[in-house]
Amino acid sequence: MLAAAALAGAGGAIMAQRGGTGDRAATETVVRDYILANPEILPEAMRRLQAKESGKAVAANRSAIVEPFPGAIAGNPKGDVSVVAYLDYACGFCRASLPAITGLIASDPNVRIVYRELPILSPDSRTATEWALAAALQGKFKPFHDALYASGRVDAGTIQQAATTAGLDIAAARAAIQSPQVVAEIERNLKTAGTLGFTGTPSWVVGDQVLSGAQTLPALQTAVAEARRTGKPG
């Protein structure tokens, strides 16, 4: 489907160059010959089409993406660019991306990190997410987040240890994880992830760009610079 759309786009560009003349068969021949002679343009056309479609999906769901769950935020709360990180506590690639997030905050005082919980890997992922959001409601999201990732694994024991390390009010947290606010946040993130076509974690939204997989600091810095350049910081 993407290939067909990209091919159609190439055809449109060629027709524009020719002043819009010629019948369908002639156009198809021109397009076919051009693609065969320049096959490197098709992957680029597909990438641009994917980026365009992703940008439309991000724009249509902007609020659900960039408005943080209370307390689940880092960096400059009023920063001009939002880097939205969809993470799962059971995800090793998410853990591997944490230094890049830390480095971005340190190197760019005008960036805002929005943490979005996306528990898709295991039942323990869902439990960890619930406790993380409960921690956020107590203003202790980051201590819990850091402690749980530092444990190296996710299970009932490490979740409770992270809660203790973060200094949570355990009774209040147990009540919060069943609250409509926490349940709604998780369901909203799962729905948004489906709409944006995420295939795993970590996934990211920076401006109108959707990124997949573990990201390096330079990659995030490039995405932030592009968001500023295009005037779509989120």
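Residues numbered from 1 in each chain as written. Predicted model: local features only at pLDDT ≥ 70, side-chain atom pairs only at ≥ 80, totals over all residues. Heavy atoms only, no water.

**Quick word on the overall build of the protein chain**
Working step 1: Counting its regular elements, the protein chain contains 11 helices and 5 strands.
Working step 2: In the protein chain, which comprises 234 residues, the share counted as buried stands at 40%.
Working step 3: Relative to all contacts within the protein chain whose residues are 6 or more apart in sequence, the contacts with residues 24 or more apart total 77%.
Working step 4: A total of about 11500 Å² of accessible surface is found on the protein chain, and carbon and sulfur atoms cover 58% of it. (Helix = DSSP H or I, 4+ residues; strand = E, 2+ residues; numbered from the N terminus. Buried < 20%, exposed > 50% of the residue type's maximum accessible area, 1.4 Å probe, protein only. Contact = heavy atoms within 4.5 Å. Areas by Shrake-Rupley, 256 points an atom, 1.4 Å probe, with all protein chains shown as cover.)

**Observations regarding the side chain of T201**
Working step 1: Within the fold, T201 resides in the loop between α10 (180–196) and β4 (203–206).
Working step 2: What makes T201 buried here is its relative accessible area of 11%.
Working step 3: Filtering out sequence-adjacent residues up to four positions away, T201 remains in contact with Y86, L87, D88, C91, F93, C94, L118, I120 and L121.

**Looking at the nonpolar core**
Working step 1: Counting residues in each nonpolar core, the largest one holds 47 residues, and the members touching the most others are V83, Y89, Y115, W131, F144, L168 and V206.
Working step 2: Of all the elements, helix α6 (residues 123–137) adds the most residues to this core, at 7 residues.
Working step 3: In this structure V83 touches L104, V111, R112, I113, V114, W204, V205, V206 and V224, once residues within four positions along its chain are discounted.
Working step 4: One finds V58, Y86, V114 and F198 within the second-largest nonpolar core, a separate group that totals 12 residues. (Core = buried A, V, L, I, M, F, W, Y, C linked by side-chain atoms within 4.5 Å.)

**Here we look at the pattern of salt bridges**
Working step 1: Going through the model one piece at a time under the given rule, you end up with 9 salt bridges.
Working step 2: We note a salt bridge from R229 to E226, for which the minimum N-O separation is 2.7 Å. Within this pair, R229 and its partner E226 are both found in helix α11 (residues 217–230), separated by 3 residues, close to a single helical turn.
Working step 3: You can call E226 partly exposed: its relative accessible area is 28%. (Salt bridge = Lys/Arg side-chain N within 4 Å of Asp/Glu carboxyl O.)

**Things to note about unusual backbone geometry**
Working step 1: Cis geometry is found at the peptide bond from T201 to P202, where omega equals -5°.
Working step 2: Looking at the element boundaries, P202 is found in the loop between α10 and β4.

**Here we look at helix α8 (residues 156–165)**
Working step 1: Taken together, the buried positions of α8 are occupied by T158, I159, A162 and A163. The arc that holds every buried residue of α8, seen down its axis, measures 140°, which confines them to one face. For α8, the exposed residues set more than 90 degrees away from the buried face come down to A156, T164 and T165.
Working step 2: On its buried face, α8 is in contact with α6, α7 (141–151) and α9 (170–176).
Working step 3: One side-chain oxygen at the N-terminal end of α8 lies 3.0 Å from the backbone nitrogen of G157; it belongs to D155. (Arc of directions from axis to C-beta. Polar contact = N/O pair within 3.5 Å; in protein donor to acceptor, adjacent residues only side chain to side chain.)

**Comments concerning empty space enclosed by the protein**
Working step 1: This model, assessed by the stated rule, comprises 1 cavity of 30 Å³ or more.
Working step 2: Counted as a void, the largest cavity has a volume near 40 Å³.
Working step 3: As for the largest cavity, its lining consists of L87, Y89, Y115, R116, E117, F141, H145 and Y149.
Working step 4: Elements with a minimum of two residues in the lining of the largest cavity: β3 (111–117) and α7. (1 Å grid on protein atoms, 1.4 Å probe; cavity = no way out; pocket = protein on both sides within 12 Å on 5 of 7 lines; lining within 4 Å. Points joined across faces, edges and corners; volume = space filled by probe spheres on them.)

**Re the sheet that holds β4**
Working step 1: If you trace the 5 strands from one edge of the open sheet to the other, you get β1-β3-β2-β4-β5, paired in mixed fashion. The outermost strands of the open sheet, each flanked by one partner alone, are β1 (73–75) and β5 (209–212). Across the sheet, the axes of successive neighbouring strands diverge by a mean angle of 20°, strand direction being ignored.
Working step 2: Two strands pair when backbone bridges link them, and strand β2 (residues 81–87) and β3 are joined in this way by 7 bridges, in the parallel orientation. Paired with Y86 across the two strands is R116, which belongs to β3. (Pairing = 2+ DSSP bridges. Axes fitted to C-alpha atoms, helices over the stretch in contact; angles between N-to-C directions.)

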